[in-house]
Structure formats: C-alpha cells, structure tokens
Amino acid sequence: MRAVSLVVLLLLSSCTDFDALTRGHEDLGVDAAVTVDAAEDLAEPIDAALAIDAALSCTDVACGGSCPACDVGGVCLVDGDCQTGACISGHCELVSGPPSWLAVGTAPTAGGTAPIARNDLMLGLGPDGALYAMGGHDSSNTTLDTVERLDTTNTWATSSNLQKKRALAGVVSTPSYLAVLYGIGTSMAQQSVESIASTSMFQTQSNLAAVFLAPGAAIGSDGRIYVFGGTDTPGNAITTAQSFLLGDTNLVTVASLGTARARLAAATGSDGRIYAI
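These numbers were taken from a predicted model, which means no experiment stands behind them. (Residues numbered from 1 in each chain as written. Predicted model: local features only at pLDDT ≥ 70, side-chain atom pairs only at ≥ 80, totals over all residues. Heavy atoms only, no water.)

Draft legend 1. Highlighting the environment of Ser 140. Here Ser 140 is to be found in the loop between β4 (131-134) and β5 (147-150). With a relative accessible area of 58%, Ser 140 lands in the exposed category. Each C-alpha atom of the pair Ser 140 and Arg 118 lies 9.5 Å from the other, and the pair is 22 residues apart in sequence. (Helix = DSSP H or I, 4+ residues; strand = E, 2+ residues; numbered from the N terminus. Buried < 20%, exposed > 50% of the residue type's maximum accessible area, 1.4 Å probe, protein only.)

Draft legend 2. Inspection of the sheet that holds strand β7 (residues 170-173) at higher detail. One open sheet accounts for 4 strands, arranged β7-β8-β9-β10; its pairing is antiparallel. If you trace the sheet from one side to the other, it starts and ends with β7 and β10 (203-207), each paired once. Recorded for the sheet is a direction-independent mean angle of 20° between the axes of neighbouring strands. (Pairing = 2+ DSSP bridges. Axes fitted to C-alpha atoms, helices over the stretch in contact; angles between N-to-C directions.)

Draft legend 3. Highlighting a nonpolar patch on the surface. On the surface, Leu 123, Leu 125 and Leu 131 cluster together to form a nonpolar patch covering roughly 260 Å² of accessible area. Residue placement: Leu 123 occurs in strand β3 (residues 122-125). On the basis of relative accessible area, Leu 123 is assigned to the exposed category, the value being 52%. (Patch = residues over 30% accessible without salt bridge, like charges linked within 9 Å, V, L, I, M, F, W, Y side chains within 5 Å. Areas by Shrake-Rupley, 256 points an atom, 1.4 Å probe, with all protein chains shown as cover. Salt bridge = Lys/Arg side-chain N within 4 Å of Asp/Glu carboxyl O.)

Draft legend 4. Representation of the nonpolar core in the model. Ranked by internal contacts, the top residues of the largest apolar core, which has 15 residues, are Val 172, Leu 181, Tyr 182, Ile 225, Val 227 and Phe 244. The set of elements that each furnish at least two residues to this core consists of β8 (178-181), β11 (216-219) and β12 (225-228). Every residue in contact with Phe 244, bar those within four places of it in the chain, is listed here: Leu 181, Val 193, Leu 208, Arg 224, Ile 225, Val 227, Asn 250 and Leu 251. Of all hydrophobic cores here, the second largest spans 12 residues; its members include Ala 130, Tyr 132, Val 171 and Ile 196. (Core = buried A, V, L, I, M, F, W, Y, C linked by side-chain atoms within 4.5 Å. Contact = heavy atoms within 4.5 Å.)

Here it is in structure tokens:
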C-alpha cells in the first residue's frame, strides 16, 4: 500500500490535469499496487510519474522553473516565470504597460556612443519609420546639433547633424518629411525650418519672419504647419499662433492661444484638432 501512496503523492504534487491523475490511478489497479514492495519495483512507476509531471507542467499552464518562460498571458507565480519579466496578478504581462516601462534601444557596437545624454531635445518620427532625437543641451548646457536615430530594430545610430544647433524647438512629422523649427540656438533664437525626407540629410527649408522660442508645433488637418506659444526674445510667454506651409517664408496669423505658455506639449488629435497642453 506504501507504493500506491507514493505514486499518488508524486502526481498530486506536480500534475495540473486531474483527469489524467484519475486515469493513471485506475489503470494502476489496487491489487497490483499492493504487491509492489521492493525498491527496484518502485523505480518504474516513479519514473512514469515524473515523465507525466514534465509533460504536463511544461505546457501552457506552467511557466518558469524547469520549464521555459511563458509569453504574455501565461500563468505565472513570479516575474522570472515570464519572458517579459513581469508576472502581474498571476499572468505574464507586457512590461511596457503598468506598472513599468520596457527599456529599448541597443547602442551601436562600434563607431558611436549613441544614445548620448541630453535634455531639451526634440523627438520626431521620420518618413523612414525611425525615431530621430535632435539637438538639445548636453550636461554642460551646450546647445547641440547632434542627431541620432532609433530604427525599427530598436538600434541607435548617429545620423546627419542638424543645419543649426538648437534646443526646445518645434517638431512636426508627416509621412513624407520630419521638420524641426525655431528653438533656442547657441547665442540667439533660431528662425529657420529644416527637414529630412527621403534623403539622409537635414536641409534648410526657409527662414521665418517671426520669432518663437520653445514653441509648440503641429500639423493641421489642412496640411499646414502650426506654431504657437513659446517666448519672445525678452523671455515672456506668448499666446501668438501662426501657420505656414513647408518652404514658406511668411506666416499667416491665426487665433491666439487662450493662455500664454512656453515649453509646452502639442499634438494633433484624431479629431483633427490641435491640442496645446
């Protein structure tokens, strides 16, 4: 009877399929199990139980430990059970969602140290599908013209520099070009617009008449570039808003912001409205 108890205990401690456990017990037979007393006779049912355990525990119902880590949705106990490293409420979850972010972007193995540390930079989506990190200030508060791109394989690489050093500039992205405009230069306000399209170089498009420092910018539903807010040259936040087409030198004044603001965030919503936040 001791042999029967041992086999059942092994199955109970490792199997997750109760029907399989019941079938295994019925097939064994009580009378046959009672006669199994010798240690050498125990080896076969124990090995069989361990084989059943391995087969069951490494399916979709078990993750980690001696089994492969599970993908999103798998049942887990600890973070190490999951390919994503995030076991939340008993299931593997994406680490890019709550409660944490997923670190991406592998630096080049040679020929660069991207990504560099900086602030007040601009970020935009290029027509090639890569993200472009542009300009900003380094740790010494030096204004940069450096551009780095994060491609679709999450690898950083250096790109052609901006034509002008600038920080806190406006950025707009369309399927055909990425443009950066205005911003704070090394010793003065930048009034130029430069863009990158199918070529790998940023090119100056125009110099605009008005002066905006640290403005917001977005593409309107009419295809025009809207620039608004920021500061004037004395450093006062402004409500001014204007629009232009890429390549224009003159701007068209549009309705002012309701609140003067600088270093703001801006985006075009799915409703076609431009949001200044």
